[in-house]
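Chains, contacts and geometry: an overview
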Amino acid sequence: MNKLEEVAQKPNRNITADILKTLGLILIIMAHTDFPTNFDRLREFDVPMMVIVSGILFDYSCKNRTYQFADYLKKRIPRLIAPVWLFLAFFFGFYYIYYLLLGKLTKYPFSSQKILDTFFLIDGIGYVWIVRVFVIVAILSVFLLKLRSSFSNISQFFIAILAIFTVHEAIISAIYTNNLESSLQESTTFILFSIIPYGFLFGLGMCVPRMTKKELVWVASFFGALFFFILFYKYSYFGHFIPLRILKFPPRVYYVAYGIFMTIFIYLTIDKFKMSQFLNKNRQISSWILFISSSTLWIYLWHIFFIYNWYLIRVKLPQVLNNFVVFFLVVAVLSIATTYWQKKVMSRLIETSQFGQKHSEILGILFLK
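These lines cover the structure that appears in this document, whether it is placed above or below. In this text the structure is predicted, and so the values were computed from the model without any measurement.

Concerning the overall build of the protein
If you tally the helices and strands in the protein, you get 17 helices and zero strands. Against the globule reference of 21 Å for 369 residues, the protein gives a C-alpha radius of gyration of 21 Å, in line with a compact fold. Taken along its principal axes, the extent of the C-alpha atoms in the protein is 55 × 50 × 45 Å. Among the 369 residues that make up the protein, the fraction classed as buried is 49%.

So, in structure tokens, the structure goes:
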């Protein structure tokens, strides 16, 4: 049995969530491969969608299970951080050797501070800020689970987290209106002011599988109306449409509302057109979707490496190849293929060698998640 068939045959998969997760990853890679501005503005729901899907999958995995905060974080945080640190060690080491062999070490583009900031997920080379988001929601997840259990139904829980987010948005609006955030570092501002919005998105994800279709339509309609109200209000005030990314760091209601609207709209569309049933009948397609969905972290990490390499060689490419479509396809295909072979080799190592069996847990955390 090959790796794709093995993934596809795993029981208890939430195929709709896998489709959303795969789509979100593809959109993020598109965002980093120079797609046109108009498309870039439309796809700004990708990160909120990934956080909502994480909430859906968390709800799916924690049915009839209880989590202790410390025990859960001991398992979850290393699975997020360890592969990232391993990749970053390779990434910075690779380019150090590259510039050393070229005799251009003085042009090594990464300062010690940038490397340190990247490892701490502060800023650095960029890209890794999304890992920081998932660390935040991992920490919040058990608290949200306990909060949900304190309500008699899912509607009450949703109203409670919506109220918390609303109060947070009011406070943030007051802070930014009075320029109080200027006394804080940008990274500190992002971390502090991102906890509630991304926690709200994750909590919403925990609600989605338990909501009726009618309730989901209501939620999508509410946040869609809220987004378009803010969109046209800001247009009437400034005389032009405000890009979502301006209110993305930290995430404001304008950005969050668009993310919720688009995610639930796509979620309902998948259900409407019975895409899950279609994929169950088309095993090869579903195998790739499930593989990508279960490998998003390493695919994301490898796409950073291939983006940097593309920028190194693009000046030497023929004009016909130097465009965003080729850029995206090269980065996406290489990232997925590299992750596939990485998992294949490591799975084989664990299955067939004494070393692999002895260290199967750490190898699984580092290479197979």
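Regarding unusual backbone geometry
Backbone torsion omega between Phe249 and Pro250 reads -5 degrees, so that peptide bond is classified as cis. Residue position: Pro250 is located in the loop between helix 10 (213-238) and helix 11 (253-272). Not every positive phi belongs to a glycine, and Asp34 is a case in point at roughly 65 degrees. As for its placement among the helices and strands, Asp34 is situated in the loop between helix 2 (15-31) and helix 3 (37-42). According to the relative accessible area criterion, Asp34 is partly exposed, its value standing at 36%. The phi dihedral of Lys274 is positive, around 55 degrees, even though this residue is not glycine.

Looking at helix 7 (residues 129-149)
The first and last C-alpha atoms of helix 7 sit 31 Å apart over 21 residues, in line with the 30 Å expected at 1.5 Å per residue. Its axis deflected by about 35 degrees at Ser141, helix 7 carries its strongest bend there. The buried count for helix 7 comes to 15 of 21 residues, which makes it a mostly enclosed element.

Let's talk about the packing of aromatic side chains
Considering all chains together, one arrives at 57 aromatic pairs under this definition. Lying over the aromatic face of Tyr176, Arg252 brings its terminal NZ or CZ to 5.4 Å of the ring centre.

Quick look at helix 11
Given 3.6 residues per turn, any residue in an α-helix points the same way as the ones three and four places further on. The terminal C-alpha atoms of helix 11, which comprises 20 residues, lie 28 Å apart, in line with the 28 Å expected from a rise of 1.5 Å per residue. For helix 11, the tally of buried residues reaches 15 of 20 residues, placing the bulk of the element in the interior. Once helix 11 ends, the next one or two residues include Lys274, with phi positive near 55 degrees.

Considerations on the side chain of Thr22
Within the secondary structure layout, Thr22 lies in helix 2. Engagement of the side chain of Thr22 in a polar contact is seen with the backbone oxygen of Ile289, the distance being 3.1 Å. Once you skip the residues sitting within four places of it in the chain, Thr22 turns out to touch Ile289, Ile292 and Ser293.

Some points on the pattern of salt bridges
If you walk through the whole model with that rule in mind, you get 11 salt bridges. One salt bridge in this structure joins Asp46 and Arg43, with 2.6 Å as the shortest N-O distance. When the shortest N-O distance is used, the salt bridge between Arg245 and Glu44 registers 3.3 Å. With Arg245 in the loop between helix 10 and helix 11 and Glu44 in the loop between helix 3 and helix 4 (46-61), the pair connects residues that are 201 residues apart, well separated along the chain. Residue Arg245 is classed as partly exposed on the basis of its relative accessible area of 37%. Relative accessible area serves as the criterion here: at 2%, Glu44 is assigned to the buried category.

Digging into a positive patch on the surface
Where like charges cluster on the molecular surface, the positive patch consists of Arg65, Lys75, Arg79 and Lys369. With respect to the secondary-structure elements, Lys369 resides in the segment after helix 17 (360-367). Note on Lys369: relative accessible area 33%, which makes it partly exposed.

Description of the environment of Gly203
Structurally, Gly203 can be placed in helix 9 (residues 186-207). Judged by its relative accessible area of 0%, Gly203 is buried. Other than its neighbours up to four places away in sequence, Gly203 contacts Leu144, Phe157 and Ile161.

Section: the packing of helix 14 (residues 296-313) against helix 15 (residues 324-352)
For the pair helix 14 and helix 15, interaxial distance at closest approach is 8 Å and the crossing angle is 135 degrees. On the basis of their axis angle, the class for helix 14 and helix 15 is oblique. Crossing hand, helix 14 versus helix 15: right-handed. Residue-level contacts link Trp298, Ile299, Trp302, His303, Phe306, Ile307, Trp310 and Tyr311 of helix 14 to Val326, Phe327, Val330, Val331, Leu334, Ser335, Ile336, Thr338, Thr339 and Gln342 of helix 15. Looking at the contact of helix 14 with helix 15, its residues break down into 13 nonpolar, five polar and no charged.

Regarding the environment of Leu368
If you trace the backbone, Leu368 turns up in the segment after helix 17. Sequence separation between Leu368 and Tyr127 is 241 residues, and the spatial gap between their C-alpha atoms is 21 Å. With sequence-adjacent residues up to four places away left out, Leu368 is seen in contact with Lys343, Met346, Ser347, Ile350 and Leu363.

Description of the state of the cysteines
Under the criterion given, the structure shown has zero disulfides. Left without a disulfide partner, Cys62 is nearest to the cysteine sulfur of Cys207, which lies 12 Å away. On the basis of relative accessible area, Cys207 is assigned to the buried category, the value being 0%.

Reading the values: rules and limits
Residues numbered from 1 in each chain as written. Predicted model: local features only at pLDDT ≥ 70, side-chain atom pairs only at ≥ 80, totals over all residues. Heavy atoms only, no water. Helix = DSSP H or I, 4+ residues; strand = E, 2+ residues; numbered from the N terminus. Rg over C-alpha atoms; globule rule 2.2 N^0.38 Å. Buried < 20%, exposed > 50% of the residue type's maximum accessible area, 1.4 Å probe, protein only. Expected span 1.5 Å × (residues − 1). Bend = angle between axes of the 7 residues up to and from the residue. Phe/Tyr/Trp six-rings, centres within 6.5 Å; stacked < 30°, edge-to-face > 60°. Lys NZ or Arg CZ within 6 Å of the ring centre and 35° of its normal. Polar contact = N/O pair within 3.5 Å; in protein donor to acceptor, adjacent residues only side chain to side chain. Contact = heavy atoms within 4.5 Å. Salt bridge = Lys/Arg side-chain N within 4 Å of Asp/Glu carboxyl O. Patch = residues over 30% accessible without salt bridge, like charges linked within 9 Å, V, L, I, M, F, W, Y side chains within 5 Å. Areas by Shrake-Rupley, 256 points an atom, 1.4 Å probe, with all protein chains shown as cover. Lys, Arg positive; Asp, Glu negative; His and termini not counted. Charge placed at Lys NZ, Arg CZ, Asp CG, Glu CD. Axes fitted to C-alpha atoms, helices over the stretch in contact; angles between N-to-C directions. Parallel < 35°, antiparallel > 145°, perpendicular 65-115°, else oblique. Left-handed = near helix turned anticlockwise from the far one by under 90°. Nonpolar A, V, L, I, M, F, W, Y, C, P; charged D, E, K, R; others polar. Disulfide = S-S within 2.5 Å.

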